[in-house]
Amino acid sequence: MAPRDRPHLRVPSEGVPEPFTPPGKAIGPIPLPEPVDRLAHVARLTTELTATLQAGAERREEEQVAVPGALRGTYVEFDSIPGLALELERLDSNRRVAPKLVSVRTDFEGDEAINRAVVWIPDGGHSAFVRRFTQYAETTTADKPRNRDLVERIDAIRLATLRSLWTDTVTQFPGEGEVAWWELWLRRRDDDVWARLQAFTEGANIVLSTRRLAFQDRLVTMCQGTSQQLARGLDSLDDLAELRKPRPLSQWLPTLFTPEQLQLANELAGRSLAASPDAPAVAVLDTGVHRAHPLLAPSLQPQDGHRINTAWRLDDEIGHGTEMGGLALYGDLSAAITSGIPVSLTHRLESVRILPPALLQNPPELYAAITAQAVSLLEIAAPNRPRVIMLAVTASSEAEPIVHARTVGQPTSWSAAVDALAVGLGVAGTADNLVFLRDDPPTFRLFVISAGNVREDQWSTDHLTRSDLAIVEEPAQSWNALTVGAYTTLTAVTDPTYAGWQAIAPAGELSPLSRTSVSFNRAWPVKPDIVLEGGNVAASPAETDFGTPPELRLLTTHTLAAVNRPFSTANATSAAAAQAAYLAADIQASDPTLWPETVRALVVHSAEWTEPMRAHFDAATSRTEANSMRRRYGMGVPSLERALRSATDAVTLIVEDVIHPFEGGNMREMRVHELPWPVHELAALGETAVRLRVTLSYFIEPNPGRRGWVQRYAYASHGLRFDLRRATESLEQFRKRLNLKARGENIPGAPKPARSMETGRWVFGPDLRTVGSLHTDIWYGTAADLAARGVLAVYPVAGWWKERSELDRSEAGARYSLVVSIEAPEVEVDLWTPVAIAIGIPIEIATE
């Protein structure tokens, strides 16, 4: 291939908005099974509801704690018929004092899912259910009874218990009498929710954290007590929504590298030039960063170091944050030391200490709120600085068994907070009482997060199987973040302490330390997005002991630089995430006007699978198997060169645009991009094999309450999809197909367009590339085919914005970034110049 010595090309024109054509006739819901005995079914449900409310009133008289301002009512649990979903919207109401759907969980009987919804019903509010039950029973039309979708899906009604509000793994519910920390989710029906909770916890002798974080309609905090104490809240508060398990932070054990001489660090510092004060920065949210280190001090000014607790020291006595700072600033520190040439840094460092000095002696913290507070500190100090926010700290989920694959991968308070911050929600309030607000204009943010590490006691020579079962740790399942796993090229074990030991993973393979999303529910995002060097694990000759020799780790900065120990080593996904932050910040520095969505797209778009990774993809017998490999490796190993530069035979186009997805609860528009396309050059290549790559990146607004994840309770505010015109389609045919395709994704039971006209081969295809908010795919075909495909469309699919018009932000627009590359590696051809001319970039013509 030609050298990458050309800039990527930013397409200046926006896509053309195209209105959706509504369907010609209404499309009905998916049919239910044969009708049940309606009279008997209604009689049983009515009896169960009446008995439940009576039992709730009796329990309330015994267990209630006096809470001023609390409304009287009962928490009721509805079970679905196995295999059917409850009609959740009919269990809810928009009126202020009316039944409220507070949480939904899914249990399983064999392979059949059972929806279990908890609804708070105010005293006297059950009449709406009784009326609907009666209307259903009294309808004379046998095939279309009123309220059928609501009533026939309900199998049982009972009084909710504290376990009913538990939306995490059932086996993790604290034992009877166990004093435990709980993550408590409350409905935000007014501004007094916190005062009511304080009154209840004081009356029930429950320890309440002072830290809380407010989403759009939920408030999250932590409390400590027994299940018996907390259960009294069912009879005292109308604000309860969910209970979840706080996750302990994963631990790391930094292994010190053999000390280098301080003069080596000083020598590198002497030929390193720090970036200007207004350059982009990597903000390290960790244990702090040791500012006095000679390699870090010029790039980390005193005013750029922060802490969430003023009682903590700013410096890093633990070491992890300083190790991450060195990798985030220099990338490959070994190469910088040995090169002997000047090092011009393009970005700076910021630091927020979010972890206490004695990590293991502290109670669980609400790290969603801590992350929001950290971002607020950064932006108050330097509001206009472009930055990459790096989290190499994750919360462990290893103790949780995978009960059913459909439940794995759902958002948490921490991952939702990252999504809210990324999409531009502002943070208001005090350190202990933070509220997410919709800023105008919003401040979009780029987060880089480590995927989490396989625990040392679970290392195995069968490391790929172990990694496939080890799910990424929170908040790495964030939709809007760039999540980083680890691979390795380090295989040589030379330390005499490890004589006879062998590296587990071959060069180019996934690191044995890396977690994956192979076990995720397929509805949740693919994580990691990329992998970078994270080191290897060595096994003893008998394969009974495991270790991480220094040569299987990465060189970085150490917190004890002042005592002649300037270097340490780091490994695992923390080290990989720090290197990814380095890449992202360098991309920002190359063009500070790029959106965070675009920077994320460019990093992922630049990634390639190594030969060992590609061998697994080549061995896959279906796209589903290939998708499992993507959930292990992401899109592979990114390259700063590919992220920043095109070549004559490999041209990359960048589009940044805004779409208005919905209007009045209906689909509003799609955006059609007629791209500057090297039509003549491609057509002249005929049957030559070429490659097209498309990456779509956008940020969603989260809705983190677990209420079924569908329609108005969906997690994502909106979804976007991309599609490319087929070689045999006219522009009008392309528009018609997109209308049909969009309806097929947004309306249950709607027909979908046939795929028989598709030519070439997509690696993942439209069914597998569309989870999350970062979609990427690779197409292989002929140059002649690709010549006719230069029209790309972006269209919306439903999210909670569509279902909740009062909160819909479509009018303000939803941003997205497209990165499109054409590569012709087999021939010598100039694809870049004709595209540059079409865009209007002046081209210098060489003269002899």
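Residues numbered from 1 in each chain as written. Predicted model: local features only at pLDDT ≥ 70, side-chain atom pairs only at ≥ 80, totals over all residues. Heavy atoms only, no water.

*Asks:* Any chance you could explain the sheet that holds strand 33 (residues 669-674) here in plain terms?
*Replies:* The pairing of strands in a sheet happens through backbone hydrogen bonds and is either parallel or antiparallel. Across the sheet, which stays open at both edges, the four strands sit in the order 3-33-38-35 with antiparallel pairing between neighbours. Looking along the sheet, the strands with just one partner apiece sit at the ends: strand 3 (16-19) and strand 35 (719-724). Direction aside, neighbouring strands of the sheet carry axes that sit 25 degrees apart on average. As judged from the four bridges shared by strand 3 and strand 33, these two strands associate in the antiparallel manner. Bridge assignment links Pro 17 to a residue of strand 33, and that residue is Arg 671. (Pairing = 2+ DSSP bridges. Helix = DSSP H or I, 4+ residues; strand = E, 2+ residues; numbered from the N terminus. Axes fitted to C-alpha atoms, helices over the stretch in contact; angles between N-to-C directions.)

*Asks:* Sorry if this is basic, but what is going on with the packing of aromatic side chains here?
*Replies:* Two aromatic rings, taken as a pair, are described by how far apart their centres are and by the angle between their planes. Enumeration according to the criterion identifies 14 aromatic pairs in this entry. Geometrically, the ring pair formed by Phe 215 and Phe 436 is tilted, given 5.2 Å between the ring centres and 50 degrees between the ring planes. Within this pair, whereas Phe 215 is found in the loop between strand 9 (207-214) and strand 10 (218-225), its partner Phe 436 is found in strand 19 (residues 433-438), the two being separated by 221 residues in sequence. Overall, Phe 215 belongs to the buried group, its relative accessible area being 3%. Taken together, the ring pairs in this structure connect Trp 609, Phe 617, Tyr 633 and Phe 764 into an aromatic cluster. Between the NZ or CZ atom of Arg 212 and the centre of the ring of Trp 194, over which it lies, the distance is 4.0 Å. Its end group placed over the ring of Phe 764, Arg 630 keeps NZ or CZ at 4.3 Å from the ring centre. (Phe/Tyr/Trp six-rings, centres within 6.5 Å; stacked < 30°, edge-to-face > 60°. Buried < 20%, exposed > 50% of the residue type's maximum accessible area, 1.4 Å probe, protein only. Lys NZ or Arg CZ within 6 Å of the ring centre and 35° of its normal.)

*Asks:* Whenever I open this one, unusual backbone geometry confuses me. Can you help?
*Replies:* Backbone phi values are negative for most residues with the exception of glycine, while trans is the configuration of most peptide bonds. The omega angle of the peptide bond from Glu 474 to Pro 475 is 10 degrees, so this bond is cis rather than trans. Cis peptide bonds are those with omega within 30 degrees of zero, and the linkage from Lys 527 to Pro 528 qualifies with 0 degrees. Along the polypeptide, Pro 528 turns up in the loop between strand 23 (509-510) and strand 24 (530-533). A positive phi angle, near 65 degrees, is found at Asn 147, a position not held by glycine. Structurally, Asn 147 can be placed in the loop between helix 2 (127-138) and helix 3 (148-151).

*Asks:* For this particular structure, what's the right way to read the packing of helix 7 (residues 320-330) against helix 12 (residues 572-590)?
*Replies:* Relative to each other, helix 7 and helix 12 sit at 40 degrees, their axes nearing to 7 Å. With respect to the hand of their crossing, helix 7 and helix 12 are arranged in right-handed fashion. Contacts between helix 7 and helix 12 involve His 320, Met 324, Leu 327, Ala 328, Leu 329 and Tyr 330 from the former and Ser 574, Ala 575, Ala 578, Gln 579 and Tyr 582 from the latter. Class assignment for the residues of the contact of helix 7 with helix 12 results in eight nonpolar, three polar and no charged. (Left-handed = near helix turned anticlockwise from the far one by under 90°. Contact = heavy atoms within 4.5 Å. Nonpolar A, V, L, I, M, F, W, Y, C, P; charged D, E, K, R; others polar.)

*Asks:* Would you explain helix 15 (residues 623-633) in this entry?
*Replies:* Counting along an α-helix, one turn takes 3.6 residues, and residues three or four places apart therefore face a common direction. Buried residues dominate helix 15, accounting for eight of its eleven residues. Taken residue by residue, helix 15 has Ala 626, Asn 627, Ser 628, Met 629, Arg 630, Arg 631, Arg 632 and Tyr 633 as its buried positions. The secondary structure elements touched by the buried residues of helix 15 are helix 11 (463-469), strand 23, strand 24, helix 14 (611-619) and strand 37 (774-782). A positive phi of about 60 degrees marks Gly 634, the residue just after helix 15.

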